[in-house]
Protein chains: 2
Amino acid sequence: MTKNPMTLDELETPAAVVDVDRMHANLRRAAEYCRAHGLAWRPHAKTHKIPALAAEQVRAGAVGVTVATPREAEVMAPAVDDLLLAYPPVGRAKLDRLMALPARVRLTVGLDSREALRGLAEAARAAGRRVGVLVEFDAGMHRVGVQSPGDAVALAREAAELEMVDYRGVMLYPGHIRSRVAEQDAALRDLSATVRRVADALADAGVPPEVVSGGSTPTFWRSHEIGGLTEVRPGTNIFNDRTTAEIGACGWDEVAYSVLATVVSTSVPGQAVVDAGSKALSREELRAEGGGFGALLERPGVVVKGVSEEHGLLDLAGTDWRPRVGDRVRVVPNHVCVSVNLQERLWGIRGDELVAEWPVAGRGRGPL
Amino acid sequence: MTKNPMTLDELETPAAVVDVDRMHANLRRAAEYCRAHGLAWRPHAKTHKIPALAAEQVRAGAVGVTVATPREAEVMAPAVDDLLLAYPPVGRAKLDRLMALPARVRLTVGLDSREALRGLAEAARAAGRRVGVLVEFDAGMHRVGVQSPGDAVALAREAAELEMVDYRGVMLYPGHIRSRVAEQDAALRDLSATVRRVADALADAGVPPEVVSGGSTPTFWRSHEIGGLTEVRPGTNIFNDRTTAEIGACGWDEVAYSVLATVVSTSVPGQAVVDAGSKALSREELRAEGGGFGALLERPGVVVKGVSEEHGLLDLAGTDWRPRVGDRVRVVPNHVCVSVNLQERLWGIRGDELVAEWPVAGRGRGPL
């Protein structure tokens, strides 16, 4: 019904908007950091799920992008020639999708089991397509990943011997390091030691890793301290979010993403209700001080203290500001990746002007 | 890539599936309860967001459906003639969408402010379309709703006087009552007293409510104890979910919805990782005992103890069951509405056979 909106005011809310100048500045800073430290930059496209933004990342210096699902790989393939699927593709449907990617795409897959490796190798052989493999090891998050250098060696050796499979190295995800950037010293030292132990074991066993892929947004600016790393895969820092700002991995003025929302009720004293709830922001609590599910871009002290599906409850306890029904605000979610996944499209803005409309093409699972 | 899957085994995971026989039984039970107690049944379509399922609800005896957004109203309109938008439509874009609904649709809107009422009345006048209004009052949840019987009277009087607006009564949402069904006595007595106080004040003021709309899934089977209620709006109980079962508002064998998932990693001892994470289940913690983000349909003691975007961590501490990479399980999420909202489609199943494919048409905000 909204016909070609031209400005922020004309958008139906909730609507996800991206400050394109901030986004480009974020990309430039990340690229410069990686260049300065000799790290390959392979941003995770699950954050935006938009091929045009993956293309921007490559233009800014990324070696390729990371994806989490075969669907994301399909969506990014027209824009990017080099894809890392950082997730084991288990089952026929996922393998079929991967093998159907354009032949020009250099595909690498991260995995942590013989079953996943063998399934992938079989599909690659049947499709006549070479596939790179990174062995994922558990660097402390205890989510996935082989548990010892010995297990990494065993899986790497099997990968190195399989037809149509190119063993390329290892990957890790330091998702357990969520503390403030300034307080990561001990965790980074431990992580470095773990990475070196695995890399050394692989080298000693005759399967040295050409790639050691790691890095997250919380640890991004300290990736050069993680000994042995060759590649980093930050997702969030194309946009940043409330968590990234809270832990000191970006400034508040580097947050490029927010959800435009309308105040729909002020009946209950001490709060105002906006039309961005868990179906626009997601229900991810802040992993740092401050609590709640988001904060206002223009008034970061005003927190979304509660969400239900279509309601976000702004806490007015600490402010004299009293919004009225119909007023609009911009909410910065705690975690941008899950908020983007709830949107059909993102709007690129410069000031109040809409300068781009990007369908979030990589969300979902269905056929393209 | 999955071409016309015919059975559960052929589905790419994660995939949301609905046991159609259980769903129909759930609808029949709800309809019978409402008939027995003289309550109008107006199920909330935000749970499924699928017009074909709204049509099933009407066939089973619903007087119409409830929706949360103008988009849901647009999507449901071809299937249902009587819609309640239980949310104030603030702002031009939302009002335009509402006014463009087919003329045959009997539209009612719930709201709690003069601003929302006046905006709606103005749009109705401009469009030459009559709109019903329910005044929402806060029955204890403290999310939205006028705060006193006096405020309800003032807003009802204004609604009753506005051109093109039909004042129809009041609505409430008892979302604060989340306890086990057997433990709701005191809360229901309080709620009854509140409802009667508001209804009496309106009657005394010459604006008696023809409709008193309330009811949720947790309180559903006790709706007849809420004095004065004429209509109930349960959403979840078309499918049910882990929360509904945990609080005793359904049996585990009445849960019709689950997310089919594949085990992708068993590397970390004591857990198995499936490919249904927060982007398939959502990150809504259980409001009852048991914790976690979901449980297995076939093994309700096995809980999803953690989620990240594409990972669900099954806790194997309390079981001897040891799944292997490639095994498939069905996960019942804590809250079905937010899980459905993450899906592009639901699959209707009977046993292992796929008997229906329903796009989740009502999610999102964009133009139809």
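Up top is the structure.
None of these values were measured; they are calculated from a predicted model.

**Some points on the overall build of chain A**
Link 1 in the chain: Of regular secondary structure, chain A possesses 9 helices and 17 strands.
Link 2 in the chain: In terms of C-alpha radius of gyration, chain A reaches 21 Å, essentially the compact-globule figure of 21 Å for 368 residues.
Link 3 in the chain: Its C-alpha atoms put chain A at 65 × 45 × 35 Å along the principal axes.
Link 4 in the chain: Within chain A, the fraction of its 368 residues that count as buried is 64%.
Link 5 in the chain: For chain A, long-range pairs separated by at least 24 residues make up 67% of all intrachain contacts whose partners lie at least 6 apart in sequence.
Link 6 in the chain: Total accessible area on chain A is roughly 13,000 Å²; 47% of this is exposed by carbon and sulfur atoms.
Link 7 in the chain: Here chain A carries 44 positive and 48 negative side-chain charges, and the mean point of each set is 2 Å from the other.

**As for the pairing of strand β16 (residues 345-350) of chain B**
Remark: a regular strand shows side chains that alternate across the two faces of the sheet.
Residue and element names in this part refer to chain B.
Link 1 in the chain: Where strand β1 (residues 15-19) meets β16, 4 bridges bridge the pair, whose relative direction is parallel. Within the sheet, the bridge partner assigned to valine 18 lies in β16 and is glycine 348.
Link 2 in the chain: Taken together, the 6 bridges between β16 and strand β17 (residues 353-359) define a ladder with antiparallel strand orientation. In the sheet register, arginine 345 faces β17, and the bridge partner there is proline 359.
Link 3 in the chain: In this structure, the hairpin formed by β16 and β17 is closed by a connection of 2 residues, where glycine 351 is found at a positive phi of approximately 65°.

**Points about the sheet that holds strand β2 (residues 40-41) of chain A**
Residues and elements named next belong to chain A.
Link 1 in the chain: The sheet built from 8 strands is open, its strands ordered β2-β9-β8-β7-β6-β5-β4-β3 with parallel pairing. Strand pairing shows two members of the sheet lacking a second neighbour, β2 and β3 (65-67), which therefore form its edges.
Link 2 in the chain: The pairing of β2 with strand β9 (residues 231-232) spans 2 bridges and is parallel. Looking at the pairing, alanine 40 lines up with glutamate 231 of β9.

**Focus on the packing of helix α4 (residues 92-99) of chain B against helix α5 (residues 114-127) of chain B**
In helix packing, the relevant descriptors are the interaxial angle and the interaxial distance, both defined with respect to the helix axes.
Residues and elements named next belong to chain B.
Link 1 in the chain: Their axes nearest at 10 Å, the elements α4 and α5 cross at an angle of 45°. Classed by the angle they form, the pair α4 and α5 counts as oblique. Of the two possible hands of crossing, α4 and α5 adopt the one that is right-handed. The residues of α5 that touch α4, namely those facing Leu95, Leu98 and Met99, are Gly119, Leu120, Ala123, Ala124 and Ala127.
Link 2 in the chain: By residue class, the composition of the contact of α4 with α5 is 7 nonpolar, 1 polar and no charged.

**What about the relation of the copies chain B and chain A?**
Link 1 in the chain: When chain B is brought onto chain A, the operation consists of a screw motion whose angular component is 180° and whose axial shift is 0.0 Å, with 0.0 Å RMSD remaining. Here the symmetry operator amounts to a two-fold rotation axis. Among all residues of chain B, the one whose C-alpha sits closest to the rotation axis is arginine 283 of chain B, at a distance of 3.1 Å.
Link 2 in the chain: Of all interface residues in chain B, 100% are interface residues in chain A too; the two copies therefore contact each other through one and the same surface.

**Some words on the pattern of salt bridges**
Residue and element names in this part refer to chain A.
Link 1 in the chain: Per the counting criterion, the structure on display carries 49 salt bridges over all chains.
Link 2 in the chain: Note that arginine 42 and aspartate 82 form a salt bridge whose closest N and O atoms lie 2.9 Å from each other. Taken together, the positions of arginine 42 in the loop between β2 and α2 (51-60) and aspartate 82 in strand β4 (residues 82-85) put the pair 40 residues apart, joining distant regions of the chain. Considered together, arginine 42 and aspartate 82 belong to a single accessibility category, that of buried residues.

Basis of the calculations
- Residues numbered from 1 in each chain as written.
- Chains lettered and ligands numbered in written order.
- Predicted model: local features only at pLDDT ≥ 70, side-chain atom pairs only at ≥ 80, totals over all residues.
- Heavy atoms only, no water.
- Helix = DSSP H or I, 4+ residues; strand = E, 2+ residues; numbered from the N terminus.
- Rg over C-alpha atoms; globule rule 2.2 N^0.38 Å.
- Buried < 20%, exposed > 50% of the residue type's maximum accessible area, 1.4 Å probe, protein only.
- Contact = heavy atoms within 4.5 Å.
- Areas by Shrake-Rupley, 256 points an atom, 1.4 Å probe, with all protein chains shown as cover.
- Lys, Arg positive; Asp, Glu negative; His and termini not counted.
- Charge placed at Lys NZ, Arg CZ, Asp CG, Glu CD.
- Pairing = 2+ DSSP bridges.
- Axes fitted to C-alpha atoms, helices over the stretch in contact; angles between N-to-C directions.
- Parallel < 35°, antiparallel > 145°, perpendicular 65-115°, else oblique.
- Left-handed = near helix turned anticlockwise from the far one by under 90°.
- Nonpolar A, V, L, I, M, F, W, Y, C, P; charged D, E, K, R; others polar.
- Least-squares fit on C-alpha atoms with pLDDT ≥ 70 in both.
- Salt bridge = Lys/Arg side-chain N within 4 Å of Asp/Glu carboxyl O.

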